[in-house]
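Descriptive structure summary
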Amino acid sequence: GGCCLRAKCDVKRGETLLVEPPCFITDHYDERAVMDFFTLPAARQDLILGSFFCPMDSDKTAGIRARVTGTAEDSDRAVQFETILMFNCFDCTLVLDDGSGNDDQYEDRVAIYSVASKANHSCEPNASW
C-alpha cells in the first residue's frame, strides 16, 4: 500500500499539487543508476533502502538479481536499490525552454521523491510532474 493524497478542494488543470526536491535523481534509468546511488553517503543510501516500497520477491527483482554481480553485500544493496527505483521512480524529462518538446539530453532522467513516490498513483496519470 501507499500513502493517500486526497484533494480537499477542486483542483484546476495545471495547478501545482506538490512541490518537493528528489531524494535521488539520475540521468540513467539503467544499471548506471546503481553507480550513481553508490556515490551517495552511506546514511543517505540506508535511508533510501529503508524507506520505499521494495518487493524483493517479485519476478522483476529476480531478473535484476540474475544480472547483478559483486560482493554479496554490494549485490544485495544494488538489487534492492534497482527494485526500489523500478517501483518508485518518476520520469523527469525536461521540457525545452520554448515549450516545443522534451530535451532529449535528459530522456533517461528519473527521480525518487520522499512523498510523491510513496503515494498511490496510476501508471496512466491525469497529473504530471
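Heads up: these notes are all about the structure in this document. (Residues numbered from 1 in each chain as written. Predicted model: local features only at pLDDT ≥ 70, side-chain atom pairs only at ≥ 80, totals over all residues. Heavy atoms only, no water.)

Turning our eyes to something else, we now look at the overall build of the protein chain. Looking only at helices and strands, one finds four helices and three strands in the protein chain. Evaluated residue by residue, the protein chain yields a buried proportion of 30% over its 129 residues. Intrachain contacts of the protein chain at a sequence separation of at least 6 include 59% that bridge at least 24 residues. Taken as a whole, the protein chain presents about 9,000 Å² of accessible surface, with 51% of it coming from carbon and sulfur. (Helix = DSSP H or I, 4+ residues; strand = E, 2+ residues; numbered from the N terminus. Buried < 20%, exposed > 50% of the residue type's maximum accessible area, 1.4 Å probe, protein only. Contact = heavy atoms within 4.5 Å. Areas by Shrake-Rupley, 256 points an atom, 1.4 Å probe, with all protein chains shown as cover.)

Strand order in this open sheet of three strands is β1-β3-β2, and the pairing throughout is antiparallel. This sheet does not close on itself; its edge strands, each paired only once, are β1 (24-26) and β2 (90-91). The pairing of β2 with strand β3 (residues 110-112) spans two bridges and is classified as antiparallel. Bridge assignment links D91 to a residue of β3, and that residue is V110. In the packing of helix α4 (residues 72-88) onto the sheet, the strands contacted are β1, β2 and β3, and the crossing angle to β3 comes to about 100°. (Pairing = 2+ DSSP bridges. Axes fitted to C-alpha atoms, helices over the stretch in contact; angles between N-to-C directions.)

Turning to the side chain of T83, a few remarks are in order. Topologically, T83 is positioned in helix α4. In this structure T83 comes out as buried when scored by relative accessible area, which is 0%. Look past the residues within four positions of T83 in its chain and what remains in contact with it is C54, P55, M56, T61 and I64.

If you walk through the whole model with that rule in mind, you get six salt bridges. Across the pair R67 and E31 runs a salt bridge, and its minimum N-O distance is 3.5 Å. Of the two residues, R67 sits in helix α3 (residues 59-67) while E31 sits in the loop between β1 and α1 (32-38), which places them 36 residues apart along the sequence. Overall, the relative accessible area of 39% leaves R67 in the partly exposed class. The shortest N-O distance in the salt bridge between R67 and E82 comes to 2.5 Å. Highlighted residues: R67 in helix α3 and E82 in helix α4, separated in sequence by 15 residues. A single salt-bridge network, built from bridges that share partners, covers E31, R67 and E82. (Salt bridge = Lys/Arg side-chain N within 4 Å of Asp/Glu carboxyl O.)

What follows concerns the packing of aromatic side chains. Within this structure, the stated rule accounts for six aromatic pairs. Among the aromatic residues, ring-to-ring pairing joins F24, F37, F38 and F81 into one connected group. The side chain of K118 reaches across the aromatic face of F52, ending 5.0 Å from its centre. (Phe/Tyr/Trp six-rings, centres within 6.5 Å; stacked < 30°, edge-to-face > 60°. Lys NZ or Arg CZ within 6 Å of the ring centre and 35° of its normal.)

Relative to the assigned elements, E20 resides in the segment before β1. Buried charge without a partner: E20 forms no salt bridge, and the closest opposite charge is K118, 8.2 Å away. In this structure the side chain of E20 is engaged in a polar contact, spanning 3.2 Å, whose partner is the backbone nitrogen of S114. In terms of polar contacts, E20 uses its side chain to reach the backbone amide nitrogen of A116, at 2.7 Å. (Lys, Arg positive; Asp, Glu negative; His and termini not counted. Polar contact = N/O pair within 3.5 Å; in protein donor to acceptor, adjacent residues only side chain to side chain.)

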